[in-house]
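Topology and contacts: notes
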Amino acid sequence: MENLKKELKEKIIEALNLEDLTPEDIKDDELLFGEGLELDSIDALELIIILDKDYGIKLDDPKKGKKIFESIETMANYINENRSK
Amino acid sequence: MKTKIAITGMGIISAIGNNVAENLKSLEAKKHGISRIENIDTKLKDEIFVGEIKRKNQALREELNLSKEDNFSRTSMLSLIAAKEAIKDAELNLDENSSIGFINGTTVGGMDIIEKYYNDFYDKEENRHYIHIQDAGSNTNLIAEHLGINQLVTTINTACSSAANAIIFGARLLQSGRLEKVIVGGADALCKFTINGFNTLMILSDEHNKPFDENRKGLNLGEGAAYLVLETEKSALARNKKPIAFLEGFANANDAYHQTATSAEGKGAFLAMKEALKMAEISPSTVDYINAHGTATENNDITEGRALQRLFQDKTPEFSSTKPFTGHTLAAAASVEAVFSILALQEQKIWPGLNFTKKIKELNLIPQQEVKTQKIEKVLSNSFGFGGNCSSLIFSRSH
Amino acid sequence: MNTKKCFINGMGCISAQPTFENSFLENPQIPTNVVDFEVVKPNYKEFISASALRRMKSGIKNAVVASSLAIKDAAIHPEKIEAIITGTAFGGRQYSDEFLKRLVDYDEEYLSPTPFIQSTHNTVGGQIALNLNNHAYNVTYVNSAAAFSSALLDALLYINTAQKSNILVGGVDELSKKSIERYRLVDHYKLEKDKNFDILKTSSTGCFPGEGAGFFMLSKNQQENSYAELVDVQMKNDLKVEDLNQFVSSFLSYNELSIKDVDVLLLGNNGDENFDYYYEKIENIFTTSENIYYKHLFGDFPTSSAIAFWIAAKILKDQHIPEVLYKTAEKSQQKTYKNILLYNQYRGKDHSLILLKNV
């Protein structure tokens, strides 16, 4: 689980081009949207691609992402339960 | 004195017809043009619906007497067909010295060809000539050359409001006295680039689009081209050409909220409509029909709806989006819908918004769902695009 | 009709030369061993937030910086800007090529939205409006070498008729490796072997591709620091070389000027042997002006006229022409520079004349 979280942080930094950040800068329970990392709706779409490409999870409704992408913690939990690769 | 802008010709090709007459017939018969995609081999073909013109490139080329070496993208061929119809309708004589302007709108230009031969260019020489048209402007230049227009020619890309801004710039050139006649409009063909681009935004519906419906699921992309011939009223009078309609007002405003989403209250949309009414010197209550942008995305319809309610209070006139007929034709949308607005004025008919069943909860707006005959003097047409670009046009009847 | 004059009150320029600093080609970087002219990068972080920068390629970055500089230079409050008009032929070409490559190479799988959103031309104007929280008229012209002159013409129509008082107008294009490769296949751009080629010796095809952004605050109100007056813009989509004389003379006579009133002729020579004869021809018409060029320092790109516009305004304000711009060693001893005429075309299309006057 810890490995998955670290992996997720790295992937997010790369996909969203957050070049000033390192995985250590992102706390597991930090909010990704709104406050915290201040990601927006375009970032949410990028995260949906990560789920699909790297973990074989397809989200057909971006609204479902709201709960899943709350934090690294929630994202890792969701991936753990639903991944197909 | 204010220069009155007359419209003296129009031409169109869309999923519901190859010319104005065919488009009119489809609108009157409530016959839509939404289907599965056939001309492009895309992985998304079973997931989306599109407003596709069911004619292969070869057929278009033959109709236009073009050879394969002529560098025409599908978008440009659609342009040529619609522009030629508009020129004929306006009875223009395009000899070499005619000082007619051409303002084109397109978002994709030659993309359909570039994506097709992307990996072949290096190995094979035969298709390299298409590289010349990889940018939008080269497509317009080529169309201008074939039409015999060589003076003021330019292209606008403000995404889904491109053709509206082409119409606005054309009108302003007439008002400034720099031109007497100008051909304005836009074109976009379906291509993988756009289909996949909109797919990444997750706003493509897997059903037929249903604007202003509570359960709308997104848009259907379409393809098409439409052009108007704008002319100063003086110029039209001088050659005894009766205008088919007038352009009374126009405005462009920016939402300045987000790259792809519109602000919750639809500020840009509200400003564009308000300014257009101001220019036309008319009150909201004199608008008889609104051809809404109505893409059927969750975001557009709620925000456009809010802007309509704010401007018209509780007296929103008859309105509909005609995108259930044609799909969203992007850069062509505003000119396609300008043609439909003019047809509404000519036929005194309001065009229906198809596929509507349930009102959006937060709004008190129900689009007209039938072909309704009534007195129509003024039509407002909206076109909004990514980048916050919002434009509104007001057309009036020619008596 | 009482036509309002149009003044250039602020400028910002990012190019292959250090033009963003307050200097005027005092230390020009004479390019050696390059085939593509990349911009000298300003410190983007001073102008753009990290959260916005992560989604920007060079064109939009340069446009945002150049527009900020122009607004600051004119000392105008962003709320007073009544139109934002952009010219860009290629738009977000780097992102567009990236999206296209993934689309083809990965067979339509796992495409990401950012390159698509940022590829479209009007992202530039949209982003500037977003940064300034500006809801005014916003349009993007994309017609190849006519993109910037179209934007200028649009602005001029508004100012001349006094419908709007303050307009931000600019031209921007960016280099993109994939597009350059394609254009090289069809002789638009010079090849590696042409490095260090003198573009006035037109014996090879194509140009040296460049990139850059020039943004300007135009106003109907003259300020103490106004650079110059934009008098007129004229475009002609297609022109035979034998009709050039007629095109130029009718433009000048419309503006009540004669050939010898033009003090400086700023030309778009780009070293393409197939098309530079247009410039030869116009030089034969203007025998008394000082004829200068600039693409040897900046490369060529569709909106490079924005760079020429910046140069012309600088010359009129400073009353000085940097040595490096002269086509020949012989210079006449001009006392004051009043009128500067810009002429540009690309591959025989999109001819434009832009006339500036001192204030």
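Residues numbered from 1 in each chain as written. Chains lettered and ligands numbered in written order. Predicted model: local features only at pLDDT ≥ 70, side-chain atom pairs only at ≥ 80, totals over all residues. Heavy atoms only, no water.

Glancing now at the overall build of chain A. When helices and strands are tallied, chain A shows four helices and zero strands. When its helices and strands are written in sequence order, chain A yields α-α-α-α. For chain A, whose C-alpha radius of gyration is 12 Å, the value lies close to the compact-globule estimate of 12 Å for 85 residues. In terms of its C-alpha atoms, chain A occupies a principal-axis envelope of roughly 30 × 25 × 20 Å. (Helix = DSSP H or I, 4+ residues; strand = E, 2+ residues; numbered from the N terminus. Rg over C-alpha atoms; globule rule 2.2 N^0.38 Å.)

Counting secondary structure elements, chain B contains 12 helices and 15 strands. Whereas a compact globule of 399 residues would reach a radius of gyration of roughly 21 Å, chain B reaches 20 Å, a difference of no more than 12%. Each principal axis of the C-alpha distribution contributes one length, and for chain B these read about 60 × 55 × 40 Å. Counting over 399 residues, chain B shows a buried share of 69%. Taking all contacts inside chain B whose residues are at least 6 apart in sequence as the whole, residues at least 24 apart take part in 77%. Entry remark: accessible area of chain B is about 13300 Å², with carbon and sulfur atoms responsible for 46%. Distance between charge centroids for chain B: 4 Å, based on 45 positive and 49 negative side chains. (Buried < 20%, exposed > 50% of the residue type's maximum accessible area, 1.4 Å probe, protein only. Contact = heavy atoms within 4.5 Å. Areas by Shrake-Rupley, 256 points an atom, 1.4 Å probe, with all protein chains shown as cover. Lys, Arg positive; Asp, Glu negative; His and termini not counted. Charge placed at Lys NZ, Arg CZ, Asp CG, Glu CD.)

On to the interface of chain A and chain B. Across the boundary between the two partners, chain A contributes 10 residues, which contact seven residues of chain B. Taken together, both faces of the contact between chain A and chain B bury some 560 Å²; the carbon and sulfur share is 66%. Considering only the side of chain A, the residues that lose the most area to chain B are I42(A), L45(A) and K63(A), jointly responsible for 58% of the buried surface there. Across the chain A-chain B interface, the total number found is one salt bridge. A salt bridge links K63(A) to E298(B), with the nearest nitrogen and oxygen atoms 3.3 Å apart. For the pair chain A and chain B, the interface holds two residue pairs in polar contact (both at pLDDT 80 or more). (Buried area = accessible area lost by both parts, 1.4 Å probe. Salt bridge = Lys/Arg side-chain N within 4 Å of Asp/Glu carboxyl O. Polar contact = N/O pair within 3.5 Å; in protein donor to acceptor, adjacent residues only side chain to side chain.)

The next thing to look at is the confidence of the model for chain A. Segments scoring low in pLDDT should not have their predicted coordinates read at a detailed level. Confidence in the prediction of chain A, expressed as mean pLDDT, is 92, and 100% of residues score 70 or more. Highest mean pLDDT in chain A belongs to helix α4 (residues 72-82) of chain A (95); lowest belongs to helix α3 (residues 65-68) of chain A (91). (pLDDT = per-residue confidence, 0-100.)

In many reports, interface size means the accessible area that the parts give up when they come together. Opposite the 66 residues of chain C that make contact, chain B presents 63 residues. A combined buried area of about 5500 Å² lies between chain C and chain B, and 55% of that area is made up of carbon and sulfur atoms. Between the two partners, chain C and chain B, sit six salt bridges. A salt bridge links R178(B) to D232(C); the nearest nitrogen and oxygen atoms lie 2.6 Å apart. Between chain C and chain B we count 36 residue pairs in polar contact (both at pLDDT 80 or more) in total. The leading source of residues in the side of chain C that touches chain B is helix α3 (residues 93-105) of chain C, at eight residues. A per-class count over the side of chain C that touches chain B returns 27 nonpolar, 21 polar and 18 charged. (Nonpolar A, V, L, I, M, F, W, Y, C, P; charged D, E, K, R; others polar.)

All names here are of chain B. Within this structure, the stated rule accounts for 52 salt bridges over all chains. Between R55 and E63 there is a salt bridge, with its nearest N and O atoms 2.3 Å apart. A relative accessible area of 42% places E63 in the partly exposed class.

What follows deals with the pairing of strand β8 (residues 224-232) of chain B. All names here are of chain B. Judged by how many residues are buried, β8 sits mostly within the fold: nine of nine residues are covered. Every second residue of β8 is oriented toward a common face, with G224, A226, L228, L230 and T232 on one face and A225, Y227, V229 and E231 on the other, all of them buried. As judged from the eight bridges shared by strand β1 (residues 5-13) and β8, these two strands associate in the antiparallel manner. If you follow I12 over to β8, its bridge partner there is A226. Where strand β6 (residues 181-188) meets β8, eight bridges bridge the pair, whose relative direction is antiparallel. The partner of G185 across the bridge, within β8, is Y227. (Pairing = 2+ DSSP bridges.)

Residues and elements named next belong to chain B. According to the domain assignment, chain B contains domain 1 (5-238) and domain 2 (248-397). A C-alpha centroid distance of 21 Å is found between domain 1 and domain 2. With 63 residues of domain 1 at the interface, the matching set in domain 2 holds 62 residues. For the pair domain 1 and domain 2, the summed buried surface comes to about 4800 Å²; carbon and sulfur atoms form 71% of the total. On the domain 1 side of the interface with domain 2, the three residues burying the most area are L27, C160 and F212, jointly 18% of the side's total. (Domains from an automatic or database assignment.)

What follows concerns the layout of surface pockets. Computed from the structure, the second largest pocket encloses a volume of approximately 920 Å³. Looking at the second largest pocket, it is lined by 34 residues, and the ones nearest its centre are E14(A), A15(A), L16(A), N17(A) and R54(C). Breaking the lining of the second largest pocket down by element, the ones donating at least two residues are α1 (2-15) and α2 (41-55) of chain A together with α1 (50-53), α3 and α4 (113-119) of chain C. Looking at which element gives the most residues to the lining of the second largest pocket, the answer is α2(A), with six residues. Of the residues in the lining of the second largest pocket, the class split is 14 nonpolar, four polar and 16 charged. (1 Å grid on protein atoms, 1.4 Å probe; cavity = no way out; pocket = protein on both sides within 12 Å on 5 of 7 lines; lining within 4 Å. Points joined across faces, edges and corners; volume = space filled by probe spheres on them.)

The next thing to look at is helix α2 (residues 58-74) of chain C. Spacing of three or four residues puts side chains on the same side of an α-helix, whose turn is 3.6 residues. Residues and elements named next belong to chain C. Across its 17 residues, α2 extends 24 Å between first and last C-alpha, which sits within 8% of the 24 Å expected from 1.5 Å per residue. The element α2 is largely enclosed, with a buried count of 14 among its 17 residues. A75 lies just past α2 and shows a positive phi near 50°. (Expected span 1.5 Å × (residues − 1).)

Taken as a whole and assessed by the stated rule, the structure comprises 21 aromatic pairs over all chains. Residues Y117(B) and Y130(B) carry aromatic rings whose centres are separated by 5.7 Å and whose planes lie at 10° to one another, so their mutual orientation is stacked. Here Y130(B) lies in the loop between α4 (111-117) and α5 (136-147) and Y117(B) lies in helix α4, a separation of 13 residues in the sequence. Here the two residues Y117(B) and Y130(B) agree in accessibility, since each one is buried. With 5.7 Å between their ring centres and 25° between their planes, F198(B) and F386(B) make a pair best called stacked. A residue pair is termed long-range when its members are at least 10 positions apart, and F198(B) in helix α7 (residues 192-200) and F386(B) in the loop between β14 (378-384) and β15 (389-397) qualify at 188 residues. With relative accessibility at 5%, the residue F198(B) sits in the buried group. On the basis of relative accessibility, which here comes to 15%, the residue F386(B) falls in the buried class. Clustering of aromatic rings is evident, with ring pairs tying together F193(B), F198(B), F386(B), F99(C) and F116(C). In this structure, R36(B) packs its charged tip against the face of F49(B), placed 3.9 Å from the ring centre. (Phe/Tyr/Trp six-rings, centres within 6.5 Å; stacked < 30°, edge-to-face > 60°. Lys NZ or Arg CZ within 6 Å of the ring centre and 35° of its normal.)

Moving on, we come to empty space enclosed by the protein. A complete count under the given rule lists seven cavities of 30 Å³ or more for this structure. Of the voids in this model, the largest cavity is the one considered here, and its volume is about 470 Å³. Along the wall of the largest cavity there are 28 residues; nearest its centre are T107(B), M111(B), F193(B), S96(C) and S119(C). Put simply, the parts of the chain that give the lining of the largest cavity at least two residues each are α4 and α7 of chain B together with α3, α4 and α7 (177-185) of chain C.

All right, on to the packing of helix α9 (residues 267-280) of chain B against helix α10 (residues 298-312) of chain B then. The geometry of a pair of packed helices is captured by two quantities: the angle between their axes and the separation between those axes. Residue and element names in this part refer to chain B. Running from amino to carboxyl end, α9 crosses α10 at an angle of 40°, the nearest separation of the two axes being 8 Å. Classed by the angle they form, the pair α9 and α10 counts as oblique. Crossing geometry of α9 relative to α10 is assigned as right-handed. Of the residues in α10, those touching α9 at A269, F270, M273, K274 and L277 are A307, L308, R310 and L311. (Axes fitted to C-alpha atoms, helices over the stretch in contact; angles between N-to-C directions. Parallel < 35°, antiparallel > 145°, perpendicular 65-115°, else oblique. Left-handed = near helix turned anticlockwise from the far one by under 90°.)

It is worth spelling out unusual backbone geometry at this point. Residues and elements named next belong to chain C. For S144, which is not glycine, the phi dihedral falls at a positive 40°. Positionally, S144 belongs in the loop between β3 (137-141) and α6 (147-160). In this structure S144 comes out as buried when scored by relative accessible area, which is 8%. At Q319, a position not held by glycine, the phi torsion is positive, near 55°. Relative to the elements of secondary structure, Q319 occurs in the loop between α11 (305-318) and β9 (339-346). You can call Q319 partly exposed: its relative accessible area is 28%.

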